[in-house]
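# A structural walkthrough
Listed below, chain by chain, are the residues.
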Amino acid sequence: MKKFEEFATAWADVFPRNPFDPAAVYEAARKSLETSEALVVAGLKATGSVAELTGQWALESLERSKVTFRAGQDPESFSSAAKDLTSATVESAAEHIAAYTEIAKRTQIESAEIVLGAAK
């Protein structure tokens, strides 16, 4: 097939042997687009939730760290403030990681429902 006419003839022979349904292709493309859009919306919703949670966690952490810096020069009060900060930070981390897990779980379930719905 070195000439365009040979290529065109080959394609002309292929189409009658393999019926082409433009409506089926259009429907498949439409369903694919709807599924992709739903997955993007779910992802953006999860991203927004994660960003909000991260901002909240950062603000809480900064607010807690102020106490340590206000402890002053006294080693005993600084040590006590640092201990309290560490304890509160560990507790906060556990809570926030659990919240991240819930966001991930919710998004995973939503994505699975979207994909299963697209298969119908």
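What you see is a predicted model; the values in this text were computed from it and never measured. (Residues numbered from 1 in each chain as written. Predicted model: local features only at pLDDT ≥ 70, side-chain atom pairs only at ≥ 80, totals over all residues. Heavy atoms only, no water.)

A separate point is a nonpolar patch on the surface. A cluster of nonpolar side chains, contributed by Phe-4, Phe-7, Trp-11 and Val-14, occupies part of the molecular surface with about 430 Å² of accessible area. Residue placement: Phe-7 occurs in helix 1 (residues 4-17). A residue is classified by how much of its surface remains accessible, and Phe-7, at 42% relative accessible area, is partly exposed. (Patch = residues over 30% accessible without salt bridge, like charges linked within 9 Å, V, L, I, M, F, W, Y side chains within 5 Å. Areas by Shrake-Rupley, 256 points an atom, 1.4 Å probe, with all protein chains shown as cover. Salt bridge = Lys/Arg side-chain N within 4 Å of Asp/Glu carboxyl O. Helix = DSSP H or I, 4+ residues; strand = E, 2+ residues; numbered from the N terminus. Buried < 20%, exposed > 50% of the residue type's maximum accessible area, 1.4 Å probe, protein only.)

We now examine the environment of Glu-60. In this structure, Glu-60 sits in helix 2 (residues 22-70). Separated by 26 residues in the primary sequence, Glu-60 and Thr-86 place their C-alpha atoms 13 Å from one another. Filtering out sequence-adjacent residues up to four positions away, Glu-60 remains in contact with Ser-92 and His-96. Reaching out from Glu-60, the side chain makes a polar contact with the side chain of His-96 at a distance of 3.5 Å. (Contact = heavy atoms within 4.5 Å. Polar contact = N/O pair within 3.5 Å; in protein donor to acceptor, adjacent residues only side chain to side chain.)

Chain-level pLDDT for the protein chain is 87 on average; 95% of the residues reach the 70-or-more range. Mean pLDDT across the elements of the protein chain bottoms out in helix 1 (74) and peaks in helix 3 (residues 75-118) (92). (pLDDT = per-residue confidence, 0-100.)

Moving on, we get to the pattern of salt bridges. Per the stated rule, a full pass over the model turns up 5 salt bridges. Note that Arg-30 and Glu-34 form a salt bridge whose closest N and O atoms lie 2.4 Å from each other. A residue pair is termed a helical-turn pair when its members lie 3 or 4 positions apart in one helix, as Arg-30 and Glu-34 do in helix 2 at 4 residues. On the accessibility criterion, Arg-30 (30% relative accessible area) is partly exposed.

Moving on, we get to the packing of aromatic side chains. Across all of its chains, the model carries 1 aromatic pair by this definition. Ring plane angle 50° and centroid distance 6.0 Å describe the contact between Trp-57 and Tyr-100, whose orientation is recorded as tilted. Taken together, the residues Trp-57 in helix 2 and Tyr-100 in helix 3 connect sequence positions 43 residues apart. (Phe/Tyr/Trp six-rings, centres within 6.5 Å; stacked < 30°, edge-to-face > 60°.)

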